[in-house]
Amino acid sequence: MKDPHDIILRPWITEKSMALRELGKYTFVVHPKANKTEIKNAIETIFGVKVEKVNTINVRGKKKRVGVHEGKRPDWKKAIVTLKKDSKPIEFFESL
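In this text, all values refer to a predicted model and were calculated from it rather than measured experimentally.

What counts as what
- Residues numbered from 1 in each chain as written.
- Predicted model: local features only at pLDDT ≥ 70, side-chain atom pairs only at ≥ 80, totals over all residues.
- Heavy atoms only, no water.
- pLDDT = per-residue confidence, 0-100.
- Helix = DSSP H or I, 4+ residues; strand = E, 2+ residues; numbered from the N terminus.
- Salt bridge = Lys/Arg side-chain N within 4 Å of Asp/Glu carboxyl O.
- Buried < 20%, exposed > 50% of the residue type's maximum accessible area, 1.4 Å probe, protein only.
- Patch = residues over 30% accessible without salt bridge, like charges linked within 9 Å, V, L, I, M, F, W, Y side chains within 5 Å.
- Areas by Shrake-Rupley, 256 points an atom, 1.4 Å probe, with all protein chains shown as cover.

## Remarks on the confidence of the model for the protein chain
Turning to step 1, where the next piece is worked out: Model confidence for the protein chain is summarised by a mean pLDDT of 94, while 99% of its residues fall at 70 or above.
Turning to step 2, where the next piece is worked out: Of all the helices and strands in the protein chain, helix α4 (residues 91-94) carries the lowest mean pLDDT, 82, while strand β3 (residues 51-59) carries the highest, 98.

Quick look at the structure:
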């Protein structure tokens, strides 16, 4: 089993993700090869909460140009975690 901190890379903080927080949904950037079960176990271990559901999205990196040179940002994976109704909120997000 992987270390939970290797699976959950960082929180994803945007206006939309902060609005979802009121519904008990929290957004994270996760390891691209992590599956939903690994993400659920990692969130429960790190934050001590009860996870009801995990939705994942594979995000393709954008193409970028600087003059004649073309490049591409890396692909990444986003997870939206829904907590159970009787679970406490994640304290990290409450301070934002």
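## Quick notes on the pattern of salt bridges
Turning to step 1, where the next piece is worked out: Summed over the entire model, instances satisfying the criterion amount to 4 salt bridges.
Turning to step 2, where the next piece is worked out: A salt bridge links Asp86 to Lys50, with the nearest nitrogen and oxygen atoms 3.6 Å apart. You can see Asp86 sitting in the loop between β6 (76-83) and α4 and its partner Lys50 sitting in the loop between α3 (36-47) and β3, a full 36 residues away along the chain.
Turning to step 3, where the next piece is worked out: Residue classification places Lys50 among the partly exposed positions, given a relative accessible area of 43%.
Turning to step 4, where the next piece is worked out: The salt bridge involving Glu91 is made with Lys88; its shortest N-O contact spans 4.0 Å.
Turning to step 5, where the next piece is worked out: Taking relative accessible area as the criterion, Lys88 reaches 40% and is therefore assigned partly exposed.

## Looking at a nonpolar patch on the surface
Turning to step 1, where the next piece is worked out: A cluster of nonpolar side chains, Ile13, Phe92 and Leu96, forms an exposed patch at the surface whose accessible area comes to about 280 Å².
Turning to step 2, where the next piece is worked out: Within the element layout of this structure, Phe92 appears in helix α4.

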